[in-house]
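Close look at the chain arrangement
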Amino acid sequence: WCYVGGLSMGWMWTFDFVARLPDYFASAFPICVWGNPPWSNLLKRSPFWIFHGEDDGVVSVDFSRKMYEALSKEKASVRLTIYPKVNHNSWDNSFAEPDLMHWLFSNKRWELVSLPINKKLIKTLWVCLLFTEKDEFKKTNQKRNDYWPP
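Residues numbered from 1 in each chain as written. Predicted model: local features only at pLDDT ≥ 70, side-chain atom pairs only at ≥ 80, totals over all residues. Heavy atoms only, no water.

1. Structural notes on helix α3 (residues 61–73)
This is how the line gets drawn: Strands here mean DSSP runs of E at least two residues long; helices mean DSSP runs of H or I at least four residues long; both are numbered from the N terminus. Helix span is expected to be 1.5 Å times the residue number reduced by one. Buried residues are those whose accessible area, probed at 1.4 Å on protein chains only, stays under 20% of the maximum for their type, while exposed residues exceed 50% and partly exposed ones sit between those limits. Residue contacts follow a heavy-atom distance rule, with two residues in contact if any of their heavy atoms lie within 4.5 Å.
The end-to-end C-alpha distance of α3 is 19 Å, a good match for the 18 Å that 13 residues give at a rise of 1.5 Å each. All of the buried residues along α3 are V61, S64, M67, A70 and L71. If you follow the buried residues of α3, they end up packed against α1 (14–20), α2 (40–43), β3 (48–53) and β4 (78–83). Where α3 terminates, the next one or two residues include K75, which has phi positive at roughly 65°.

2. Notes on the pattern of salt bridges
How we decide: When a carboxyl oxygen of Asp or Glu is within 4 Å of a side-chain nitrogen of Lys or Arg, the pair counts as a salt bridge.
One pass over the full model with this rule turns up 5 salt bridges. Here R45 makes a salt bridge to D23, at a shortest N to O gap of 2.5 Å. Here D23 lies in the loop between α1 and β2 (25–31) and R45 lies in the loop between α2 and β3, a separation of 22 residues in the sequence. On the basis of relative accessibility, which here comes to 41%, the residue R45 falls in the partly exposed class. When its relative accessible area of 34% is taken as the criterion, D23 is described as partly exposed. Between R65 and D62 there is a salt bridge whose closest N-O contact spans 3.5 Å. A residue pair is termed a helical-turn pair when its members lie 3 or 4 positions apart in one helix, as R65 and D62 do in helix α3 at 3 residues. Given the relative accessible area of 39%, D62 is considered partly exposed.

3. Quick word on the packing of aromatic side chains
Operational definition: Stacked, tilted and edge-to-face pairs are distinguished by plane angle, under 30 degrees for stacked and over 60 for edge-to-face with tilted covering the rest, among Phe, Tyr and Trp rings (Trp via its six-membered ring) whose centres lie within 6.5 Å. Sitting over a ring, as applied to charges here, requires NZ of Lys or CZ of Arg to be within 6 Å of the ring centre and within 35 degrees of the ring normal.
Summed over the entire model, instances satisfying the criterion amount to 8 aromatic pairs. The interplanar angle of 75° and the centroid separation of 5.7 Å between the aromatic rings of W49 and W103 together place this pair among those described as edge-to-face. Separated by 54 residues along the polypeptide, W49 in strand β3 and W103 in helix α5 (residues 100–106) bring together distant segments of the chain. Relative accessible area serves as the criterion here: at 2%, W49 is assigned to the buried category. Judged by relative accessible area, W103 falls into the buried class, the value being 9%. Within the aromatic cluster, the residues linked to one another by ring pairs are W49, F51, Y83 and W103. The side chain of R79 reaches across the aromatic face of W49, ending 3.8 Å from its centre.

See below:
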């Protein structure tokens, strides 16, 4: 089974990974990230636990709320935890969640999925590696939407 999660700019691509490989991940946990609500139909096959700080001054909590709403409309298995009076560092609270690891590993994919090495997978990995640092968009003059949709 394969699981994906991450925080902030380093892993804004949590939703992207699952959208590009919708049958691959057993579950995902994005922390203080934005997503693309129209992708919810691609994301609905993987359970999500979304975390965010209510007072996040870097990535608005509205992004997580919108993704939660979109996934809920698709009848996806999705949880949303918003921490009151927490800024961008909501990962401190998220990783301290006593149920996170149990929830994560209780989700399984029983079907066998092979990942052929192809252009789509390589592009996904390249985009994720390219933008792991907060200032990479500034350095490359790229816009987030240059890589959407998958």
